[in-house]
Amino acid sequence: MNNWSKDIWKEMEEFYRGKKVLVTGHTGFKGSWLCRILALAGARVSGYALKPSQDPALFQLAGLENRIHSVIGDVRDRGHMLQVFQEVQPEIVFHLAAQPLVRESYREPVYTYETNIMGTVNILECIRLTPSVKSFLNVTTDKVYENREWEYGYRECDPLDGYDPYSNSKSCSELVTHSYMKSFFSDGRTAISTSRAGNVIGGGDFADDRIIPDCIRAAVKGENIVLRNPHSTRPYQHVLEPLAVYMAIAMKQYADINYQGWYNVGPDDRDCVTTGELADLFCQAWGEGLSWVNQYDGGPHEANFLKLDCSKVKKTLGWRPRYGVKDAVEKTVEWTRAWLAGEDMGTVMDRQIQAFFS
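Values in this document were obtained by computation on a predicted structure and should not be read as measured data. (Residues numbered from 1 in each chain as written. Predicted model: local features only at pLDDT ≥ 70, side-chain atom pairs only at ≥ 80, totals over all residues. Heavy atoms only, no water.)

Engineer: Can you help me understand the overall build of the protein chain in this one?
Structural biologist: Along the protein chain, the regular secondary structure elements total 13 helices and 12 strands. Computed over its C-alpha atoms, the radius of gyration of the protein chain comes to 19 Å, within 12% of the 21 Å expected for a compact globule of 358 residues. Taken along its principal axes, the extent of the C-alpha atoms in the protein chain is 60 × 45 × 40 Å. Considering only residue pairs separated by 6 or more positions, the protein chain has 81% of its internal contacts joining residues 24 or more positions apart. Carbon and sulfur atoms provide 47% of the accessible area of the protein chain, an area that totals close to 14500 Å². Taking the average location of the 40 positive side-chain charges in the protein chain and that of its 46 negative ones, the two points are 5 Å from each other. (Helix = DSSP H or I, 4+ residues; strand = E, 2+ residues; numbered from the N terminus. Rg over C-alpha atoms; globule rule 2.2 N^0.38 Å. Contact = heavy atoms within 4.5 Å. Areas by Shrake-Rupley, 256 points an atom, 1.4 Å probe, with all protein chains shown as cover. Lys, Arg positive; Asp, Glu negative; His and termini not counted. Charge placed at Lys NZ, Arg CZ, Asp CG, Glu CD.)

So this is what it looks like as structure tokens:
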């Protein structure tokens, strides 16, 4: 039986209670879930991000505007961000702000590089100038690796060389973090890590060009799901899986700098499935005769096969995935049904968080 999430929650509740935590990208999908967990754990949460780009937006559905200290700002604006750091005096910083979409990075490469690289430089500069910060985690992606489409999972020591502008900019964000750690934080005053997560799914993701949000939009309209590449294989996991690990890494390295480093966070091999298999699981969970069609649209290059080796995080933190991909899809459908029924989504999110950690 996997007791990791239950045991770590007890530890995190004690640790995060009263801690001053700053989250960049807090208005996004993962950022909103992370802020909700941190608030449940008793942290004093501040966020720095652009206004939510989606309508509806999870940040607003989750009721976070009145639950945390939210600052609207651009990570490319170092001066503004430094003002926020000086005001908040955070002890722990999670960096999630990014331009996160592969296809958007082909349309807007300069904006993607400015946000994902210089945004990282700016936040590290703010940390360098803010002595209160004891723990920093830069959240990147599994796509940072030079992807040779081989059958085994990539390890933290494998070369970083993302193909498309998004993936490449996140590879650069990793290298910037490594350089700052060695150049400015070798004295150990701030523990610094990065975490490379696989594809996450969960309630409240309304982004374009993502498979589960596309499935939900089609289901709500009563239309067939359109898949542009049903044979590509990806590591899919519920959003709470990597967030729990991010919080654990930040907590552990706060107390012991030997935990700092680079961590893959992904599902077990059995949950690395094709897009078609993921859509099948969604159709089964949704019901109502929902189905999908294969319709390649001739879009830009995207990887066909990618998975992670998570041996390091399992050995270092004792982590084991709580949910398989089928569970993750079912939890997403459960959340979406509750939203469509008009339930209070903050309450629904808390219920799912508590179920995950129980």
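Engineer: What am I meant to see in the packing of aromatic side chains here?
Structural biologist: The geometry of an aromatic ring pair is captured by two quantities: the separation of the ring centres and the angle between the planes. Taken as a whole, this structure holds 13 aromatic pairs when the rule is applied. Arranged with centres 4.8 Å apart and planes meeting at 85°, the rings of phenylalanine 15 and tyrosine 16 form a pair that is edge-to-face. Summarising the burial analysis for this pair, phenylalanine 15 and tyrosine 16 share the class buried. Here the aromatic residues Trp9, Tyr323, Phe356 and Phe357 are joined through ring pairs into a cluster of three or more. The ring of phenylalanine 184 has arginine 128 lying over it, and the distance from NZ or CZ to the ring centre is 5.1 Å. The positively charged end of lysine 312 is found above the aromatic ring belonging to tyrosine 263, 4.7 Å away from the centroid. (Phe/Tyr/Trp six-rings, centres within 6.5 Å; stacked < 30°, edge-to-face > 60°. Buried < 20%, exposed > 50% of the residue type's maximum accessible area, 1.4 Å probe, protein only. Lys NZ or Arg CZ within 6 Å of the ring centre and 35° of its normal.)

Engineer: Whenever I open this one, the packing of helix α1 (residues 4-16) against helix α9 (residues 240-255) confuses me. Can you help?
Structural biologist: For any two helices packed against each other, one specifies the inter-axial angle together with the distance between the axes. Contact geometry of α1 with α9 gives a least axis separation of 10 Å together with a crossing angle of 50°. Relative to α9, α1 is oriented oblique. α1 and α9 meet at a crossing whose hand is left-handed. Residues Trp4, Ile8, Glu11, Met12, Phe15 and Tyr16 of α1 form the contact with α9, whose participating residues are Ala244, Val245, Met247, Ala248, Ala250, Met251, Lys252 and Tyr254. (Axes fitted to C-alpha atoms, helices over the stretch in contact; angles between N-to-C directions. Parallel < 35°, antiparallel > 145°, perpendicular 65-115°, else oblique. Left-handed = near helix turned anticlockwise from the far one by under 90°.)

Engineer: Would you mind showing me how to read the sheet that holds strand β1 (residues 20-24) here?
Structural biologist: Strand pairing in a sheet takes place through backbone hydrogen bonds and is either antiparallel or parallel in direction. Taken in spatial order, the seven strands make up an open sheet running β3-β2-β1-β4-β5-β6-β10, and their pairing is parallel. Of all strands in the sheet, those bounded by a partner on one side alone are β3 (69-72) and β10 (262-265). Strand-to-strand, the axes of this sheet are offset by a mean angle of 15°, without reference to chain direction. Bridge analysis of β1 against strand β4 (residues 92-95) gives four bridges, and the strand direction is parallel. Residue pairing in the sheet places leucine 22 in a bridge with valine 93 of β4. Strand contacts of helix α4 (residues 78-88): β1, β2 (44-49), β3 and β4, with the helix running at about 165° to β3, the strand carrying the most contacts. α9 contacts β4, β5 (135-139), β6 (191-197) and β10 of the sheet and is inclined by roughly 165° relative to β6. (Pairing = 2+ DSSP bridges.)

Engineer: Mind showing me how you'd approach the nonpolar core here?
Structural biologist: The nonpolar side chains of soluble globular proteins are, as a tendency, buried together. Of all hydrophobic cores here, the largest spans 61 residues; its most connected members are Tyr16, Val23, Trp33, Leu38, Phe94 and Phe357. Sort the elements by how many residues they give to this core and α9 lands first, with 10 residues. Once you skip the residues sitting within four places of it in the chain, tyrosine 16 turns out to touch Val21, Leu38, Ala41, Gly42, Ala43, Ile92, Phe94, Met247, Ala250 and Met251. One finds Val75, Val88, Phe136 and Tyr180 within the second-largest nonpolar core, a separate group that totals 25 residues. (Core = buried A, V, L, I, M, F, W, Y, C linked by side-chain atoms within 4.5 Å.)

Engineer: Explain unusual backbone geometry here, please?
Structural biologist: Trans peptide bonds make up most of the peptide bonds, and negative phi angles are found at most residues other than glycine. Here the residue pair aspartate 55 and proline 56 is connected by a cis peptide bond, since its omega of 5° sits within 30 degrees of zero. With respect to the helices and strands, the residue proline 56 is situated in the loop between β2 and α3 (58-61). Backbone geometry places glutamate 149, a non-glycine residue, at a positive phi of 55°. Within the secondary structure, glutamate 149 sits in the loop between β5 and α7 (165-184). The phi dihedral of glutamate 288 is positive, around 60°, even though this residue is not glycine. Mapped onto the secondary structure, glutamate 288 falls in the loop between α10 (275-286) and β12 (292-294).

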